[in-house]
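So the chains spell out like this:
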Amino acid sequence: MERALAVAKGHGRSPGTLCVDDFPLPTVTRRLEGIVDELEFGRGFAVLRGLPVEKWTVEDAKLVYWGIGLHLGTPVSQNAVGELMAHVRDHSEGELGDPSVETRAYRTRSELPFHTDSADIVGLLCLRNSGQGGESTLASSMTIYNHLLAHHRELLGLYYRGFVYDRRAENAGDEIPYYRNSVYGYFDGLLNCRFYMTHYIESATVKSGIPLSDIERHALELFQEIGSMEEHCLTMKLRTGDIQLLNNNVVVHGRSAFQDEPGRRRDLLRLWLNTRKARKYPDDFAAFRFGMPKTQ
């Protein structure tokens, strides 16, 4: 990794301008290819441990993480300002439960319910974890679906129809500030999931004027309850130098609330990626799969 870092730094360019050949990993490439296969065709998540980020500058850590990301797939924009790598930390912009807060969830310290991100793969590199809280929770959205099929199949149509989501002020002046997206879609023989933040569904009702019915609220709560069953989920606390990777098509993730301590600020770097072995499905299934449009 450090040899590849030296090569990448030698080009004297910003991470976003580098390609995979600018970050050569001859002894690790095959392992990274295996991780892509695990994400796409296996359990849908992986954790890499041991990056010595504490001895690197933040800029060097970003460069290494970017290089690893290029070997895994193609990075895409995560927000309206076009960031390809974003800091997941408390930006002191308010709490998600506050209806007046327009900020995106990753910029808060709030508890996050099970959800997916927009791109196929989300990666988190832990630069520093919090003193309290911040545990990551994963569940299989396929297991949730099978549980629904077995016990609540009358609700499946609601998930295929989907919900209306708030764009959280990340839209141009002439764009509608909300959109509809399905939770489940079945394409080319494969079941896929996109379940965005439920807080965005709640705030979208104000902007769209489309209220949630009692049965829709029940479906949203039920999804979370099934995912939270002890036999359906696992919890981990990322260590400094860990990279968590997961496939949004088959895995949902959440996070407990966290509290920073003096001199110890929780900070994770996030990448959104689409791999070269990505599934194919209609453009209208996963909004912003290929990146958030730049509007600022």
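Details of the structure are given in the entry above.
Here the structure is a predicted model, which is why all the values come from computation and not from measurement.

Chemist: Tell me about helix H6 (residues 198–208), residues and numbers included.
Modeler: Buried within H6 we find Thr198, Tyr200, Ile201, Ser203, Ala204, Thr205 and Ser208. The inward-facing, buried residues of H6 abut strand S4 (112–115), strand S8 (163–166), strand S9 (178–181) and helix H7 (214–228). Where H6 terminates, the next one or two residues include glycine 209, which has phi positive at roughly 75°.

Chemist: Describe the state of the cysteines, naming the residues involved and giving the relevant values.
Modeler: Throughout the structure, instances matching the rule amount to zero disulfides. Note on cysteine 193: no disulfide assigned, nearest cysteine sulfur contributed by cysteine 233 at a separation of 15 Å. For cysteine 193, a relative accessible area of 0% gives the class buried. Overall, cysteine 233 belongs to the partly exposed group, its relative accessible area being 24%.

Chemist: Explain the nonpolar core to me, using residue names and the numbers behind them.
Modeler: By size, the foremost hydrophobic cluster in this structure holds 55 residues, and its most contacted members are Leu148, Tyr159, Tyr165, Val183, Tyr184, Cys193 and Phe223. In terms of residues, this core owes the most to one element, H7, which gives five residues. Not counting residues within four places of it along the chain, the set of residues in contact with tyrosine 159 comprises Leu148, Ser182, Val183, Tyr184, Ala219, Leu222 and Phe223. Within the second largest apolar cluster, 32 residues are counted, among which are Leu18, Leu72, Met85 and Leu271.

Criteria and thresholds
- Residues numbered from 1 in each chain as written.
- Predicted model: local features only at pLDDT ≥ 70, side-chain atom pairs only at ≥ 80, totals over all residues.
- Heavy atoms only, no water.
- Buried < 20%, exposed > 50% of the residue type's maximum accessible area, 1.4 Å probe, protein only.
- Helix = DSSP H or I, 4+ residues; strand = E, 2+ residues; numbered from the N terminus.
- Contact = heavy atoms within 4.5 Å.
- Disulfide = S-S within 2.5 Å.
- Core = buried A, V, L, I, M, F, W, Y, C linked by side-chain atoms within 4.5 Å.

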